[in-house]
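A structural walkthrough
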Amino acid sequence: MPLFGREAELKNLGVLVDGPQEHGGVLIQGAAGIGKSALVEATIATAAAAGFKVLRTAGVAAEQNYAYAGLHRLVYPLRKAFDGLPARQYDTLATALGLSDSDGEPTVYLLGLAALTLLTDAAGERPLLIVAEDAHWLDSASAEVLAFIARRIDTEPIALIATVREGMDTPLADAELNPMRLEPLSEDDAAALLDHAAPDLPAVLRSRLLDAARGNPLALTELPTVAGDLDELPATLPLTERLERAFTARSATLPASTRTALLVVALNDSDSIDETLSATGVLLDGPAESEIFTPAVDARLLTLGPGTVTFRHPLMRSALTLIATADERARAHHALAGVLTGYPDRYAWQRAAAAVGPDEQVARELDEVADRARHSSGAIAAQERAAELSDNPVRRVDRLLRAAELSVESGRRDAAERLVVAARAIPTTPRHDATAAWLLSGFEDGVRENPSRIAELATLATSVAADGHPDAAMRILWGAAMRCFWTEPGADTRHRLLAIADALPVPEDDPRLVAVSAWVAPFERGAQVLDRLHALVSDSGRNPQIDRLLGSAAHQVGAYDLAVHFSGAAAPGLRATGQLGLLPRALTVQACSLTRLGDLAAAAAAANEAAAFARETRQPFVHGLATAIEGEIAALQGDYPRAVVLAGQAEQIGLASGARPILGMVQLARGLAALGEGRYDDAFADLRRIYDPRDPSYSLSLRACVIAELADAATRAGQPDALRELLHEMESVVAATPSPIVHIGWRYAHALLETDSAETHFTAALEADLTAWPAERGRLHLSYGEWLRRQRRAVESRTHLRTAKKTFDALGFTAWSDRARLELRSAGESSPNRDPAARDRLTPHELSIARMAAQGLTNREIGQRLYLSHRTVSTHLHRIFPKLGVSARADLAGLLPTEEDTTA
């Protein structure tokens, strides 16, 4: 049948096929029956004629609980190419699709990378069109993988089209696809379609049908079959229900055996014709042959394919399910279970659908389904249904809380809250109460909660520990400790948390305990944390999750060199295992620490990647931190307009929730920009806010780590007394901790303040071991040189100023190197302007790719690290080469430091 009234949409989809690299993909949205599938079929025909290979999948409501069912349908035609995947990607894909018995747990992101590699390799032979119909019914794991792919095909010869019903959600809605909303047909187009579908209608009936159909193409083609029943349908009945009535009316005239087969088709979670015939035969007490479907095919309800039977439209499935009685549905589910004994998950779900009351045996079968499905939506649904079938309240609560835990681990907050509320409505044990309490504490690290919640968690941790559950108490304590980073609970609450941690029966070097101490009391426990971090250095690289915790702990206590070590050890493991939820946290710590150490090039790449992954994994506060760090880097590089913009973006995130670390980093970025521009009063005002407990930018740990920046701003703004007052407040911190950055800043501040003994202070500060702190050493040389020049000791000053200039040139601290040049000229030495380094011509993302290429990694290896296709990496390199004036990757090594160079 020709399409009516969709010329503009067809043209846009034709443009997508003509240039997939420029247009990526389209998300077609609209009501049921509005013509989404018709547009898809027309585009498939166009693509096939243009030489595209078409890969299709579709969401089916009955399959939503089966993880990766949609992905299996999409990539199975490429199964011969699976062996060409890198080993880890092959294992992940094979495990997810049930082609391997591996016990490994596939992650969406590593699986997404495997699927992306598979698809881009196939697209290298001929362009691809990927079609995902009814995406709102795809299992969540498949939908997440497709969203991952959709974000990464902008440079590939791959077009992606997805359809979603109006008012329904899908992860693909946030996958950067171009939206295409289908509206009802115009009056003229609707009339033309109706006349084509039913050309001999009387004028009065034609007018009534046009009014009833409301421009919906499916209604215009299907309602004429029940035109005589229109008077019996209420005028206020929604169009979807009118269509369902039309389909049920059509089925009512079919033979009883065909109606039975239709119900089995509707309740089967597969389109297998053999399964349907076998189950139908059970219900009819005799063998069923394919001819049983003929009346339904003639009535335009079913479509038969090679070995398959499907409804022509999803509304037909729902309509026929609704008109069946509960007993009829239960018998059909039992019959299907009987033919699915070789498929344990499907067997269990069919048995569960047939159950009408508690059935502990079926509940246990669903527990096993959940274990196999792990963290997918299917696991959550299996545990929730198992809870409904449980034969006693304790088991019911156990399963509800297990489902809630899976929801938390999968980032599904609404589901977790609903399940916890359901569990609490049933009489529970103290163990259940504790589990319910800590389950919801992990979302967004509790940023949006009242700080009093930290004290409540402390009480809960004490109770749980007293009941003999130290691991559960540690988990609760960890949640409370994280809140101490994002908000300020007060000294009493912090001390209480420390006392609880000290009393737990866990080893002192337990990484969780080290991290809790660092978050709760970064400087009061600084010496203890540093000792344990140094002792654990030799164990790094074994467990990326532990390395990430220790990197965070090192960052909190101001040991940025150790933070770079641990977070740098964590990142490769988190990448390799697809843990992209934790990766941006490790990268944020790495970026912030590298910035403080002076490696702006590596820091910019890490911060850029952290921001991108935090946004993709829906972690707004980590994204805010990474963005603020990018602002700090921009300020140090002398790009003040960009620093201001980035600080503003981060501030919007921080202010909405009162996330203190974000707001503190925003003030640091603004203060550095103001210092670079010579706005010293503004710089001091910005930085001083970090030290004011009444200000939302106050940060217990950050204030001790930016003493040097504060001292620069205060002395240049003519505020020495205010600086002395703030330093006095920090004396107890300095006395309590051996934190490197704290003492570096303290020595520097006193060198600026104590003018009568400045030379002694500068000399002592430079004698400290600053091997890992080149930026801080450069700052000392610069300020010492400035002081010497003001003392009219120009010749002596030049040595220090020259050292500072060379240091800042190498580090890319444009503002500070310019300041050193100006001072050198004032000291009587010419100092030409710095030529931009090669890395300055690249974006952070390009720099990251170029450095890996300089290190000798192949495009495929780079893609595996950055979760990109190797073709996308190749495209980036072809853009990078002209910027650097090179023609081959072999030339990169002489221009750019490798990752190993910058982290050594």
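What counts as what
- Here the residue numbers are simple positions, counted from 1 along each chain's written sequence.
- Totals for whole chains, interfaces and linings use all residues, but because this is a predicted model, local features are given only for residues with pLDDT of at least 70 and pairs of side-chain atoms are given and counted only at 80 or more.
- To obtain the side-chain values, all non-hydrogen atoms of the structure were included, while hydrogens and water were left out.
- Strands here mean DSSP runs of E at least two residues long; helices mean DSSP runs of H or I at least four residues long; both are numbered from the N terminus.
- Our radius of gyration is a C-alpha quantity, and the globule rule it is checked against amounts to 2.2 Å times the number of residues to the power 0.38.
- In this scheme, a residue with accessible area under 20% of its type's maximum is buried, one over 50% is exposed, and one in between is partly exposed, where area comes from a 1.4 Å probe on protein chains only.
- Two residues form a contact once any of their heavy atoms are found within 4.5 Å.
- In these tables, accessible area is a Shrake-Rupley quantity obtained with a 1.4 Å probe, and a residue counts as shielded only by the protein chains included in the view.
- The span one expects for a helix is its residue count, reduced by one, times 1.5 Å.
- Residues belong to one nonpolar core when they are buried, are Ala, Val, Leu, Ile, Met, Phe, Trp, Tyr or Cys, and are joined through side-chain atoms within 4.5 Å.
- For salt bridges, the criterion is a side-chain nitrogen of Lys or Arg within 4 Å of an Asp or Glu carboxyl oxygen.
- We call two strands paired when DSSP finds no fewer than two bridges between them.
- Here an angle of 0 to 180 degrees is reported between the N-to-C directions of two axes, which are lines fitted to C-alpha atoms, with helices fitted over the stretch in contact.
- For Phe, Tyr and Trp, rings pair up if their centres lie within 6.5 Å, where Trp contributes its six-membered ring, and each pair is then called stacked (planes under 30 degrees apart), edge-to-face (over 60) or tilted (otherwise).
- Look at NZ for Lys and CZ for Arg. If either is within 6 Å of the ring centre and within 35 degrees of the ring normal, a charge sits over the ring.
- When the strands point away from the viewer and the connection leading from the first strand across the helix to the second strand turns clockwise, the crossover is called right-handed.
- Relative orientations are named as follows: roughly parallel for angles under 35 degrees, roughly antiparallel for angles over 145 degrees, roughly perpendicular for angles from 65 to 115 degrees, and oblique for any other angle.
- If you view the pair so one helix is near and one far, a crossing is left-handed when the near helix is turned anticlockwise from the far one by less than a right angle, and right-handed when it is turned clockwise.
- Each residue is assigned to one of three groups, with Ala, Val, Leu, Ile, Met, Phe, Trp, Tyr, Cys and Pro labelled nonpolar, Asp, Glu, Lys and Arg labelled charged, and all others, Gly among them, labelled polar.
- A score between 0 and 100, pLDDT records how confident the predictor is in each residue.
- We call a pair of cysteine sulfur atoms a disulfide when they lie within 2.5 Å.

Considering the overall build of the chain
- Looking only at helices and strands, the chain features 48 helices and seven strands.
- For a compact globule of 904 residues, the expected C-alpha radius of gyration is about 29 Å, and the chain comes in at 32 Å, within 12% of that figure.
- Taken along the three principal axes of its C-alpha coordinates, the chain extends 105 × 65 × 50 Å.
- Taking all 904 residues of the chain together, 56% fall into the buried category.
- Residue pairs at least 24 apart in sequence account for 67% of intrachain contacts in the chain once pairs closer than 6 positions are excluded.
- Per element, the accessible surface of the chain, about 36,600 Å² overall, is 51% carbon and sulfur.

Some thoughts on helix H6 (residues 108-123)
- Counted at 1.5 Å a residue, the expected span for H6 with its 16 residues is 22 Å, and the 22 Å between its end C-alpha atoms agrees.
- Counted residue by residue, H6 has 14 buried out of 16 residues, so it is predominantly covered.

Concerning the nonpolar core
- In this structure, Leu71, Leu93, Leu172, Leu366, Trp486 and Ile662 are the most contacted members of the largest nonpolar core, which totals 210 residues.
- It is H6 that contributes the most residues to this core, eleven residues altogether.
- When residues no more than four places from it in sequence are discounted, the contact partners of Leu71 are Leu93, Leu97, Leu111, Ala115, Ser142 and Val145.
- If you look at the next biggest cluster of nonpolar residues, it comprises 38 residues, including Leu185, Ala190, Ala212 and Met316.

A short note on the environment of Leu770
- Looking at the element boundaries, Leu770 is found in the loop between helix H41 (758-767) and helix H42 (774-790).
- Between the alpha carbons of Leu770 and Thr258 there is a distance of 83 Å; along the sequence they are 512 residues apart.
- Filtering out sequence-adjacent residues up to four positions away, Leu770 remains in contact with Ile744, Ala765, Arg777 and Leu780.

Quick look at helix H30 (residues 583-597)
- With 15 residues, H30 ought to run about 21 Å at 1.5 Å a step, and its terminal C-alpha atoms sit 21 Å apart, in line with that.
- H30 sits mainly inside the fold: 15 of its 15 residues count as buried.
- Of the residues one or two after H30, Gly598 is the one with positive phi, at around 110°.

Some points on the side chain of Ser848
- If you trace the backbone, Ser848 turns up in helix H45 (residues 844-854).
- Setting aside residues up to four positions removed in sequence, Ser848 forms contacts with Ala605 and Leu866.

Considerations on the pattern of salt bridges
- Within this structure, the stated rule accounts for 54 salt bridges.
- A salt bridge links Glu776 to Arg779; the nearest nitrogen and oxygen atoms lie 3.1 Å apart. With Glu776 and Arg779 both in helix H42 and three residues apart, the pair spans about one turn of that helix. Across this residue pair, the class does not change: Glu776 and Arg779 are buried.
- Three or more residues are tied together by salt bridges with common partners; here these are Glu360, Arg364, Asp367, Asp391, Arg395 and Arg399.

Quick word on the sheet that holds strand E2 (residues 53-58)
- Taken together, the five strands give an open sheet; going across it, the order is E2-E3-E4-E1-E5, and neighbouring strands pair in parallel fashion. Both outer strands of the open sheet, E2 and strand E5 (178-181), are each paired with one neighbouring strand and no more. Pairwise comparison of adjacent strand axes, ignoring direction, gives a mean angle of 15° for this sheet.
- When strand E1 (residues 25-30) meets strand E4 (residues 158-165), the two strands line up parallel, connected through six bridges. Across the sheet, the residue bridging to Gly25 is Leu160, located in E4.

Observations regarding the packing of aromatic side chains
- Counting across every chain of the model gives 13 aromatic pairs.
- Ring geometry for Phe485 and Trp519: centres 4.6 Å apart, planes at 65°, overall edge-to-face. Taken as a pair, Phe485 in helix H24 (residues 470-486) and Trp519 in helix H26 (residues 511-520) lie far apart in primary sequence, 34 residues in all. In terms of burial, Phe485 and Trp519 fall into one category: buried.
- Through pairs of rings, three or more aromatic residues link up here, namely Trp478, Phe485, Trp486, Trp519 and Phe621.
- One cation-aromatic arrangement involves Arg152 over Phe148; the distance from NZ or CZ to the ring centre is 3.7 Å.

Brief notes about the pairing of E4
- Among the eight residues in E4, eight count as buried, and that is most of the element.
- Burial along E4 is two-sided: the residues Ile158, Leu160, Ala162 and Val164 and Ala159, Ile161, Thr163 and Arg165 are all buried.
- The pairing of strand E3 (residues 128-133) with E4 spans five bridges and is parallel. For Leu129, the partnering residue across the bridge sits in E4 and is Ala159.
- A crossover links E3 with its parallel partner E4, the connecting element being helix H7 (residues 140-150), and its sense is right-handed.

Some remarks on the packing of H42 against helix H44 (residues 814-826)
- Their axes nearest at 10 Å, the elements H42 and H44 cross at an angle of 25°. The pairing of H42 with H44 is recorded here as roughly parallel in orientation. When you trace H42 past H44, the crossing you get is left-handed. Contact residues: Ala775, Arg779, Leu782, Ser783, Glu786 and Arg789 in H42; Trp816, Arg819, Ala820, Glu823 and Ser826 in H44.
- Class assignment of the residues belonging to the contact of H42 with H44 gives a composition of four nonpolar, two polar and five charged.

Things to note about the confidence of the model for the chain
- The share of residues in the chain with pLDDT of 70 or more is 95%, and the mean pLDDT across the chain is 89.
- Overall, residues 898-904 carries pLDDT values under 50, and its contacts beyond four positions in sequence, including any with other chains, amount to 13 contacts.

Digging into the packing of helix H43 (residues 794-811) against H44
- Between H43 and H44, the least distance of the axes is 8 Å, while the angle of their chain directions is 155°. In terms of orientation, H43 and H44 fall into the roughly antiparallel class. Where H43 crosses over H44, the handedness of that crossing is left-handed. For the pair H43 and H44, the contacting residues are Arg798, Leu801, Arg802, Ala804, Lys805, Phe808 and Asp809 in the first and Trp816, Ser817, Ala820, Arg821, Glu823 and Leu824 in the second.
- Among the residues making up the contact of H43 with H44, the classes are represented as six nonpolar, one polar and six charged.

Points about unusual backbone geometry
- For Asp285, which is not glycine, the phi dihedral falls at a positive 60°.
- Assignment of secondary structure puts Asp285 in the loop between helix H13 (273-284) and helix H14 (294-298).
- For Asp285, a relative accessible area of 74% translates into the label exposed.
- Positioned with a positive phi, Tyr867 is a non-glycine residue whose angle comes to about 60°.
- Counting through the fold element by element, Tyr867 comes out in the loop between helix H46 (859-866) and helix H47 (870-884).

Regarding the state of the cysteines
- Considering all chains together, one arrives at zero disulfides under this definition.
- With no disulfide of its own, Cys484 has Cys705 as its nearest cysteine by sulfur position, at a separation of 16 Å.
- Here Cys484 falls in the buried class, since its relative accessible area comes to 4%.
- Summary of cysteine pairing: Cys705 is not part of a disulfide, and the nearest cysteine sulfur, belonging to Cys592, is at 8.5 Å.
- Accessibility expressed as a relative area gives 4% for Cys705, which makes it buried.

Focus: the side chain of Thr276
- In this fold, Thr276 is placed in helix H13.
- Once residues within four sequence positions are removed from consideration, Thr276 is found in contact with Ala261, Val264, Val265, Asn268, Phe293 and Val309.

As for the environment of Ile34
- By the element assignment, Ile34 lies in the loop between E1 and helix H3 (36-49).
- Not counting chain neighbours up to four residues away, the residues in contact with Ile34 comprise Arg6, Leu182, Glu183, Pro184, Gly215, Asn216 and Pro217.

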